[in-house]
Amino acid sequence: MASITFSHVNKTYPGNVEVISDLNLEIKDKEFVILVGPSGCGKSTTLRMIAGLEDITSGELRIGDRVVNDVAPKDRDIAMVFQNYALYPHMSVYKNIAFGLQLRKVPREEIDKKVHEAARILDLEHLLDRKPKALSGGQRQRVALGRAMVRDPAVFLLDEPLSNLDAKLRTSMRTEISKLHRKLNTTFVYVTHDQTEAMTMGDRICVMKDGVIQQFDTPQMLYDFPRNLFVAGFIGSPQMNFITAKIVKSGGHLGANFDRFTLLLNEQKSKALESYVDKEVIIGIRPEDFMEVTTQPEEETLTATVELAELMGAETNLYMDCGGNKLTVRMPSSVRPAEQSAYTVAVKVDKIHVFDRETEQAICH
């Protein structure tokens, strides 16, 4: 049983610097949870508190049924993988993987069996005699994973393990780590600032800002139903477009009015926004929720000035100015309007997100 439970946990550094505020978080046994957020949001501190590398100022932390506030790191049944690999340069791959077991006086035959099993899973068998300096970044990271694996920990902690790798290696290592989680069937807690890693790897994602959890949910729920403006802007690449608009009554429905445009809202959104008529809100439109204009009515289209058309291969990102509102619009690669030209796009109005301008909380999706 390797669930992890934070109950009203606070972490304050000398000088009354609070980095974690009233953290309540439950990670289920065998779950792959990602802690994500900008630099300084408290995600690495949270991971280090689980590892026992940071003391808890107040509150309670449980691993399984055991309170571990005062339990030494070596007695917590956890293994940690760092972003800089932390390998011993003078030792072979075999000895790096075996080192922790040797310290625990594990019998030699058992060490040999575990090292070779980890090497087989991680495709390191042909590298066991090499030193770290003779390995690529991806191979070094696999050695670090192997060293953690052989300990059979109840919890794996991974602190930005892919940040030192190039883009191609990061993509392949994401797949490797996801496969490893399925094979080992144990609890993984993974810290990253890269929302692509978070969206592709985690069972659930914990989005943090200034030491406070903004939303803890599945990747799909975070994408479709962000709880507030911060989560909406953090999840998704390119990020969501935000426009300050006034809610106006138009016929039987409500509309979101900005510049010279009014986007008609559906019945469900109109009901949710009834009390916001003649008030300003923030509407969010994801770049992928624009389309080429075909038969859409005028109330579902925008015309903006194309500042840059960026060909991405299978698609084109258009960077546009719509009455002072900067928009990023994703279109098929066949769409290449001239820069500084006016271009009309259709909006998937059912996909619009609406946020309260004062509280920044979501009103409707």
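Refer to the preceding data block for the structure.
Our subject in this report is the structure included herewith. (Residues numbered from 1 in each chain as written. Predicted model: local features only at pLDDT ≥ 70, side-chain atom pairs only at ≥ 80, totals over all residues. Heavy atoms only, no water.)

1. Structural notes on the sheet that holds strand S18 (residues 325–332)
Then, number 1: Strand order in this open sheet of five strands is S15-S19-S16-S17-S18, and the pairing throughout is antiparallel. In this open sheet, the two edge strands, each paired with only one partner strand, are strand S15 (290–292) and S18. Each strand axis lies, on average, 50° off the axis of its neighbour in the sheet, ignoring direction.
Then, number 2: When S15 meets strand S19 (residues 342–347), the two strands line up antiparallel, connected through three bridges. Across the sheet, phenylalanine 290 pairs through a bridge with valine 347, a residue of S19. (Pairing = 2+ DSSP bridges. Helix = DSSP H or I, 4+ residues; strand = E, 2+ residues; numbered from the N terminus. Axes fitted to C-alpha atoms, helices over the stretch in contact; angles between N-to-C directions.)

2. Re the side chain of aspartate 217
Then, number 1: Of note, aspartate 217 is situated in strand S10 (residues 212–217).
Then, number 2: Every residue in contact with aspartate 217, bar those within four places of it in the chain, is listed here: Arg204, Ile205 and Leu222. (Contact = heavy atoms within 4.5 Å.)

3. Concerning the nonpolar core
Then, number 1: Judged by nonpolar contacts, the single largest core of 46 residues is most densely connected at Ile34, Ile97, Leu145, Leu158, Ile177, Tyr190 and Val207.
Then, number 2: The residues contacting leucine 158, other than those within four sequence positions of it, are Leu47, Val81, Leu145, Ile177, Phe188, Val189, Tyr190 and Val191.
Then, number 3: One finds Ile247, Val281, Cys322 and Val349 within the second-largest nonpolar core, a separate group that totals 33 residues. (Core = buried A, V, L, I, M, F, W, Y, C linked by side-chain atoms within 4.5 Å. Buried < 20%, exposed > 50% of the residue type's maximum accessible area, 1.4 Å probe, protein only.)

4. So, the packing of aromatic side chains
Then, number 1: For the coordinates displayed, the defined rule picks out seven aromatic pairs.
Then, number 2: Residues phenylalanine 230 and phenylalanine 234 carry aromatic rings whose centres are separated by 5.8 Å and whose planes lie at 20° to one another, so their mutual orientation is stacked. With phenylalanine 230 and phenylalanine 234 both in helix H8 (residues 229–234) and four residues apart, the pair spans about one turn of that helix. As far as burial versus exposure is concerned, phenylalanine 230 and phenylalanine 234 are alike and both buried.
Then, number 3: Sitting over the ring of tyrosine 276, lysine 279 keeps its end group 5.9 Å from the ring centre.
Then, number 4: Between the NZ or CZ atom of arginine 286 and the centre of the ring of tyrosine 223, over which it lies, the distance is 4.1 Å. (Phe/Tyr/Trp six-rings, centres within 6.5 Å; stacked < 30°, edge-to-face > 60°. Lys NZ or Arg CZ within 6 Å of the ring centre and 35° of its normal.)

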